[in-house]
Amino acid sequence: MKNFLILTAFVSLLTTTSSSASKLSKEDSEIYKKIDALIPKMSLEEKISLIHGNAKFYTGSIERLGIPALAMSDGPNGVREEVSKDSWKPTDWVNDSSTWLPASTALAATWNTDMAYSFGTVLGQEARFRGKDVILGPAINIHRTPLGGRNFEYMSEDPFLIAQIVTRYVKGVQDQDVAACAKHFAANNQEWKRGYIDVLLSERALQEIYFPGFKAAVRNGGALAVMGAYNKIRGQHCCHNDYILNKMLKQNWGFKGVVISDWNGAHSTQEAANCGLDIEMGTNKPFDQYFMATPLLDEIKKGNIKEDVVNDKVRRILYVMHKIHTFDKANQKTGSFNTPEQQAAVRKIAEEAIVLLKNENNALPLKIENLKSIAVIGDNATRKHAHTGGSCLIKAKYEITPLEAFQKHLGDKIKINFAQGYIFEKDSLKRQQMLKQAVEAAKKSDVAIIFGGLSRNWNDTTKGYAETEGRDRENMKMPYQQPELIKAVREANPNTIVVLLCGSPIEISDWIEKVPAVVQAWYAGSEAGNAIYNILTGAVNPSGKLPFTWPVKLEDSPAHAIGEYPEHPGMDSGKEVESYNEGIFVGYRYFDTKNVNPTFCFGHGLSYTQFKYSDLTINKKKVKGEPVFEVKLYVTNTGPREGKEVVQLYISDPQCSVERPLKELKGFQKIDLQPGEKKGIIFDIDKDKLSFFDEKTMNWKAEPGEFKALIGSSSRDIRLTQSFKL
Ligand code: GLC
């Protein structure tokens, strides 16, 4: 009976929303008219050639009908160097470098949707310039475990923050006549066993946590492509998964673009044909032996698969081509590369991403005019990160390191004493020497800045600590004896500042009390060094906020405390199924509800000025007959200098028939205030923002009763609260 109920409820879900997807714009009607006139001219073989790879990053083409190959490229943070036709080997061209954009966690840390649009614009311009039709980004999987090897490439633990950022990122890319490809759909939250791990999770967790980013990319951003994930969900590979691709993405959300497999993510001709895959890429077979190549042709000729499934795939491919003006070159954007505007945009995104985690006794900003010498310490002061991390790697046109920026801006005025401080090698004698040199540098300098954290270089020495595709970290430890280095340098010089370059949380609680200031600087792109310099010297006031919870230790994290996360590499028990037992309680939804204290909370970030929140009012109004709560407040800059503040709105639903998180992010606005300036802010809370996903009716539901609006400067720095009744 229960299953029947779910089925009927599900059908109602489909019918209610799919009709809205059928209203066509005038532009789309025109496009489909052309497409439907073209497809009948194609032979079955020609249609099949369009739906699978004919090179590492290109599909087939139909020259006689003027249909070119679809050109694709990684990745989410910049256009990858050219790769050989049928291997991963770079072609070593001299004109395929690109601007390295800040890693996606940094973009999310800006909490600034205008930065997301600017990010997408740069990415789209350079992709178009390089003749790419599809950029394989944004990557928006949820930070479920701090160990996720690709967390730096993803945005956040919170689906609302992801949804806001990804919407504008996609628009930025697609306004440059390049298709954005939201990946990896869905629940690809770890690298360990990524190719086959079967994720079992509740419908509520899927709908409230793992789907919303993709739904926003498609419904709000208009994403023209979605990449299936390597893993399975409920027993079926995501690259051809009837429930998530056919029923949810295409029928329920009305997705008109193409589903592209992750490379070598397709595993079956029948499923690829019938379960939602449109373009098969990267299969480890000769191009004509791909599951959707000759094997599919044979199945159709035998009558086992209907030709019409191929027609729908071709229709989607041609729709994408029309939308990016493939057939209208006169009106297609031409793109641009490494312009001063793009460099400025990338620097601004990095500046807005940097998070001031701690700042006691105004240790920051540095009073440059009073300094005669600065010790710049740490491997991350000089390490270049762009050309690492896996498929997201970039052959950066340039990459400014922190040391280069300090030398360029201060070299002739202030003595810069550099010491590498730590190395990746196991050689402890060398490490002791490096620590000694760092202490010497700190002793003879007015201030010491340690650039530490992690890197994305995976090798035998760094394995277990490196952040990269294909591997998860094995712990949250801060590697290479950095804690010892930090303590020794702090002993030598009380004016010690730590700058962390990493994309995921690391254990820092054993030294953080000892240093006056700590800054999170991410992998922040080609202009990283300049952005870090501008923040540390106060040229720019930091305004970034953490897009994830920073746990004290791994065991505090829900995926490790109550979830199922497979053993670390080397301890494989052969498990191939993983239950997301924590359900919706991911990130702060878990830490706050279960009262676990993190080192730093979701949404945390300090400023060089202060902000006062006041005059909260909530008024109920009707919009198209539906209740909307207008939440209004004022924010004043009560400090000494201009600054940006991210005002965050969380909703709490204390009276609910199901357990809900203590709070859920449902609004944020980043505002810029001059000293003394006061601004009014309005959030409109509709029923959607009050709803949870009800598994009984398989629909969203806002239960009448009391709700609370919590407004704060972070998820735990709540400044104003007020109840209201639905
Ligand atoms: C990789 C990644 C995916 C990337 C693709 C092409 O395995 O999972 O993000 O776009 O293959 O490089």
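J.: Please provide a residue-by-residue account of the overall build of the protein chain, values included.
T.: Helix and strand content of the protein chain: 20 helices and 26 strands. Along the first, second and third principal axes, the C-alpha set of the protein chain runs to 80 × 65 × 55 Å. Counting every position in the protein chain, which comprises 726 residues, the buried fraction comes to 64%. Put simply, of all contacts in the protein chain between residues at least 6 apart along the chain, 76% involve residues at least 24 apart. As displayed, the protein chain offers around 26000 Å² of accessible surface, 51% of which is attributable to carbon and sulfur atoms. The distance from the centre of the 93 positive side-chain charges to the centre of the 88 negative ones in the protein chain is 3 Å.

J.: Describe unusual backbone geometry, naming the residues involved and giving the relevant values.
T.: As a rule of thumb, non-glycine residues mostly have phi less than zero, and peptide bonds are mostly trans rather than cis. For the bond running from Lys183 to His184, omega is -5°, close enough to zero to count as cis. With respect to the helices and strands, His184 occurs in strand E5 (residues 179-185). Note the cis peptide between Phe185 and Ala186, where omega equals 0°. Inspection of the secondary structure assignment puts Ala186 in the loop between E5 and strand E6 (198-200). In this structure, Ala187 takes a positive phi of about 60° despite not being glycine.

J.: Requested: an account of the pairing of strand E26 (residues 718-725), with residues and values cited.
T.: Pairing analysis gives seven bridges linking strand E25 (residues 706-712) to E26, with the strands arranged antiparallel. Along E26, the bridge assignment pairs Lys708 with Ser723. Counted between consecutive antiparallel strands, the loop separating E25 from E26 contains five residues.

J.: Describe the side chain of Ser336, naming the residues involved and giving the relevant values.
T.: Tracing the sequence through the fold places Ser336 in the loop between helix H12 (307-323) and helix H13 (340-353). The contacts of Ser336, once residues within four sequence positions are left out, are Gln125, Glu126, Phe129 and Gln342.

J.: Summarise the pattern of salt bridges; cite the residues concerned and give the values.
T.: Here the structure, examined in full by the defined rule, presents 51 salt bridges. The shortest N-O distance in the salt bridge between Arg315 and Asp36 comes to 3.0 Å. Separated by 279 residues along the polypeptide, Arg315 in helix H12 and Asp36 in helix H2 (residues 26-38) bring together distant segments of the chain. For Arg315, a relative accessible area of 29% corresponds to the partly exposed category. For Asp36, a relative accessible area of 37% gives the class partly exposed. Lys384 is the partner of Glu404 in a salt bridge, and the nearest nitrogen-oxygen pair spans 3.4 Å. Remark: Lys384 occurs in the loop between strand E12 (373-377) and helix H14 (402-410) and Glu404 occurs in helix H14; sequence separation between them is 20 residues. By relative accessible area, which is 32% here, Glu404 ends up partly exposed. Linked by salt bridges that have partners in common, Arg150, Glu153, Glu191, Arg194 and Glu469 make up one network.

J.: Hey, could you go over the packing of aromatic side chains for me, with residue numbers and the actual values?
T.: Here a ring pair, both rings aromatic, is described through the centre-centre distance and the interplanar angle of the planes. The full count for this structure, using the stated rule, is 28 aromatic pairs. Here the aromatic rings of Phe160 and Phe668 are separated by 6.1 Å at their centres, their planes lie at 85°, and the arrangement is edge-to-face. Taken together, the residues Phe160 in helix H6 (residues 159-174) and Phe668 in strand E21 (residues 664-673) connect sequence positions 508 residues apart. Each member of the pair, Phe160 together with Phe668, is buried. Between Tyr210 and Tyr580, the ring centres sit 5.3 Å apart and the planes meet at 50°, which makes this aromatic pair tilted. With Tyr210 in helix H7 (residues 203-210) and Tyr580 in the loop between strand E17 (577-579) and helix H19 (588-591), the pair connects residues that are 370 residues apart, well separated along the chain.

J.: Let's hear about the site of the ligand: which residues, and what values?
T.: Within the structure, the ligand sits among 15 residues, and Asp74, Lys183, His184, Tyr230 and Asp262 are positioned closest to it. A distance of 2.6 Å separates an oxygen atom of the ligand from a polar atom in the side chain of Asp74. Measuring from an oxygen atom of the ligand, one finds a side-chain N or O atom of Tyr230 at 2.6 Å. Taking 310 Å² as the accessible area of the ligand by itself, protein coverage stands at 97%. Along the lines of polarity and charge, the residues of the shell around the ligand split into six nonpolar, two polar and seven charged.

J.: Outline the packing of H14 against helix H17 (residues 528-536), listing residues and values.
T.: Closest axis-to-axis distance for the H14/H17 pair is 7 Å, and the angle between their directions is 60°. With respect to H17, the element H14 is oriented oblique. In the crossing of H14 with H17, the sense of the turn from one axis to the other is right-handed. Facing Pro402, Ala405, Phe406, Lys408, His409 and Leu410 of H14, the residues of H17 in contact are Gly529, Asn530, Ile532, Tyr533 and Leu536.

J.: Now, about helix H16 (residues 482-492): what can you tell me, with residues and values included?
T.: The complete set of buried residues in H16 reads Gln482, Pro483, Leu485, Ile486, Ala488 and Val489. Considering only its buried residues, H16 is in contact with E12, helix H15 (428-443), strand E14 (447-453) and strand E15 (496-501).

J.: Hey, could you go over the nonpolar core for me, with residue numbers and the actual values?
T.: Membership of the largest hydrophobic core comes to 123 residues, with the highest contact counts inside it found for Met72, Phe185 and Ile260. The element that contributes the greatest number of residues to this core is H6, accounting for nine residues. Setting aside chain neighbours within four positions, we find Phe185 in contact with Phe211, Phe214, Val226, Met227, Gly228, Ala229, Cys238, Ile244, Leu245, Leu249 and Trp253. If you look at the next biggest cluster of nonpolar residues, it comprises 45 residues, including Phe152, Tyr422, Leu500 and Val518.

J.: Before we move on, could you go through the packing of H13 against H17 and cite the residues and values that matter?
T.: Relative to each other, H13 and H17 sit at 50°, their axes nearing to 8 Å. As the angle between them shows, H13 and H17 are arranged oblique. Handedness of the H13/H17 crossing: right-handed. Residue-level contacts link Arg347, Ala350 and Glu351 of H13 to Asn530, Ala531, Asn534 and Ile535 of H17. Here the contact of H13 with H17 is built from residues that sort into three nonpolar, two polar and two charged.

J.: Requested: an account of the sheet that holds strand E8 (residues 232-233), with residues and values cited.
T.: Spatially, the four strands line up as an open sheet ordered E9-E8-E6-E17, and their pairing is mixed. Strands at the two margins of the open sheet, each flanked by one partner only, are strand E9 (236-237) and E17. Where E6 and E17 come together, three bridges link them in parallel fashion. Each residue of the ladder has a partner; that of Val199, found in E17, is Glu578.

J.: Tell me about the sheet that holds E21, and name the residues and values.
T.: Reading across the sheet, the four strands line up as E21-E20-E25-E26 and stay open at both edges, with antiparallel pairing between neighbours. If you trace the sheet from one side to the other, it starts and ends with E21 and E26, each paired once. Strand after strand, the sheet turns through a mean of 20° between neighbouring axes, direction not considered. Here strand E20 (residues 643-652) runs beside E21; their pairing, made up of nine bridges, is antiparallel.

J.: Account for the environment of Ser714, naming residues and giving values.
T.: Position of Ser714 among the secondary structure elements: in the loop between E25 and E26. The exposure class of Ser714 is buried, given its relative accessible area of 4%. The spatial distance from the C-alpha of Ser714 to the C-alpha of Ser373 is 35 Å, given a sequence separation of 341 residues. The residues touching Ser714, leaving out its near neighbours within four places in the chain, are Cys601, Phe602, Gly603, His604, Gln648 and Tyr650. Within polar-contact distance, the side chain of Ser714 engages the backbone nitrogen of Asp717 at 2.9 Å.

What counts, and at which threshold
- Residues numbered from 1 in each chain as written.
- Predicted model: local features only at pLDDT ≥ 70, side-chain atom pairs only at ≥ 80, totals over all residues.
- Heavy atoms only, no water.
- Helix = DSSP H or I, 4+ residues; strand = E, 2+ residues; numbered from the N terminus.
- Buried < 20%, exposed > 50% of the residue type's maximum accessible area, 1.4 Å probe, protein only.
- Contact = heavy atoms within 4.5 Å.
- Areas by Shrake-Rupley, 256 points an atom, 1.4 Å probe, with all protein chains shown as cover.
- Lys, Arg positive; Asp, Glu negative; His and termini not counted.
- Charge placed at Lys NZ, Arg CZ, Asp CG, Glu CD.
- Pairing = 2+ DSSP bridges.
- Salt bridge = Lys/Arg side-chain N within 4 Å of Asp/Glu carboxyl O.
- Phe/Tyr/Trp six-rings, centres within 6.5 Å; stacked < 30°, edge-to-face > 60°.
- Near = heavy atom within 4 Å.
- Polar contact = N/O pair within 3.5 Å; in protein donor to acceptor, adjacent residues only side chain to side chain.
- Nonpolar A, V, L, I, M, F, W, Y, C, P; charged D, E, K, R; others polar.
- Axes fitted to C-alpha atoms, helices over the stretch in contact; angles between N-to-C directions.
- Parallel < 35°, antiparallel > 145°, perpendicular 65-115°, else oblique.
- Left-handed = near helix turned anticlockwise from the far one by under 90°.
- Core = buried A, V, L, I, M, F, W, Y, C linked by side-chain atoms within 4.5 Å.

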